Amino acid sequence: MPKDTILIADDAELNREMIKFIFEEQYQIIEAEDGEQAIHYIRENKHSLCLIFLDLMMPNKSGLDVLKYMNLYDYIDYIPVIMITGEATDETEEKAYEFGASDVIYKPFAPNVVMRRAKNLMELFEHRIDVEKELVKRTNELIESREQLARSNEFLINALSTVVEFRSLESGEHIQRVKYFTKLFLKYIRKFYPKYGITKKKAELITNASALHDLGKIAISDSILLKPGKLTEEEFEEMKKHTLYGCEILEKFRQEDNEFYQYCYDICRYHHERYDGKGYPEGLAGDEIPIWAQIVSIVDVYDALVSERVYKAPYAVEVAARMIHDGECGIFSPEMLDCFELARAELFAVTENGLSFADAEGIH
């Protein structure tokens, strides 16, 4: 709808006629005799109004009352107002500007001055609105671009982690389950342990980063990675180095002050650390281990227990839960064990019923 209408609100007919005479050849003119009429016409014509001339002193409602109404419904943001007054005082002018008037004209007024100031004001508002529209457009384009980049990054992460699964002769579901379980644990961490400061955005980044926890296995030889029996002490020491190999790979893609990179690095390096300090590669203990690495640690252990591997048959879910709580697979923090219990039903459902991983999108 074209903005081609000017509202003239003044209880003096002579004043309305003077302003109307200036603009009637170029604009549609609406006249209001008091503040109530002015509010009615603003409400009915808000999309076509390009300017309002508003008398300060009018019956029923004053010009300031009209400005209050326009502020209440945000009309003042896109419809310029020129206040008309015969009270040439600093206090009057200050009040007019305080309530959102764009300009103040004092009676009696010169037609050519009114025309010029009105034109300048309308052009200014039109330009500002165009700039705001362009800003909104550019912002939306930037958001879409970032969302596309995030989708691309997630695809590449999943593709890279699948390479690891392929080398390990896994089904490829392990990565998806770890991501699902990580997101599930983060839901309870956010709800019951706000001290860790995990926001929704951080949770999304951590969930995606969890897919790269075993990235370093790419560098482990097949003779060790695919060995069906128990590893020798030397072989196990080499296997443990996958936490370091993964970080060496990540270093090649390092970006300064990149939060996602830090999550990937920490998870890759520390997901085999244990709360009692008996893990590897650095023997970290307690809260020295980043919370996101602790989460991936426990869900990785759970999935390893309930999944078939080249060296073992799967454990039943109740047996796996007991082993984790009894410390047979390393010691986990009280918070991690608490989250395990909170998530137990959902963990078991995924394991026993083959729950679709699309359902993970519903976890908040």
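Throughout what follows, the structure given in this document is the object of discussion.

Comments concerning the overall build of the protein chain
Working step 1: When you go through the protein chain residue by residue, the secondary structure sums to 14 helices and five strands.
Working step 2: Buried positions account for 46% of the 364 residues belonging to the protein chain.
Working step 3: Of all intrachain contacts in the protein chain linking residues separated by at least 6 positions in sequence, the fraction that spans at least 24 positions is 63%.
Working step 4: Of the roughly 19,300 Å² of accessible surface on the protein chain, a fraction of 53% belongs to carbon and sulfur atoms.

Quick word on the sheet that holds strand 5 (residues 103-106)
Working step 1: Taken in spatial order, the five strands line up as 2-1-3-4-5 in an open sheet, and their pairing is parallel. A strand with exactly one partner marks an edge of an open sheet, and here the two such strands are strand 2 (28-32) and strand 5. Strand-to-strand twist in this sheet, taken as the mean axis angle between neighbours without regard to direction, amounts to 20 degrees.
Working step 2: As defined by bridge partners, strand 1 (residues 5-9) adjoins strand 2 across five bridges and the pair is classed as parallel. Looking at strand 2, one finds that Leu7 is bridged to Ile30.

Examining the packing of helix 2 (residues 35-44) against helix 3 (residues 63-72)
For any two helices packed against each other, the geometry is given by the interaxial angle and the distance between the axes.
Working step 1: As a packed pair, helix 2 and helix 3 sit with axes 9 Å apart at the nearest point and diverge in direction by 25 degrees. In terms of orientation, helix 2 lies roughly parallel with respect to helix 3. Crossing angle aside, the handedness with which helix 2 passes helix 3 is right-handed. Together, Gly35, Ala38, Ile39, Ile42 and Arg43 of helix 2 and Val66, Tyr69 and Met70 of helix 3 make up the contact between the two elements.
Working step 2: The residue makeup of the contact of helix 2 with helix 3, split by class, is six nonpolar, one polar and one charged.

What counts, and where the lines are drawn
Residues numbered from 1 in each chain as written. Predicted model: local features only at pLDDT ≥ 70, side-chain atom pairs only at ≥ 80, totals over all residues. Heavy atoms only, no water. Helix = DSSP H or I, 4+ residues; strand = E, 2+ residues; numbered from the N terminus. Buried < 20%, exposed > 50% of the residue type's maximum accessible area, 1.4 Å probe, protein only. Contact = heavy atoms within 4.5 Å. Areas by Shrake-Rupley, 256 points an atom, 1.4 Å probe, with all protein chains shown as cover. Pairing = 2+ DSSP bridges. Axes fitted to C-alpha atoms, helices over the stretch in contact; angles between N-to-C directions. Parallel < 35°, antiparallel > 145°, perpendicular 65-115°, else oblique. Left-handed = near helix turned anticlockwise from the far one by under 90°. Nonpolar A, V, L, I, M, F, W, Y, C, P; charged D, E, K, R; others polar.

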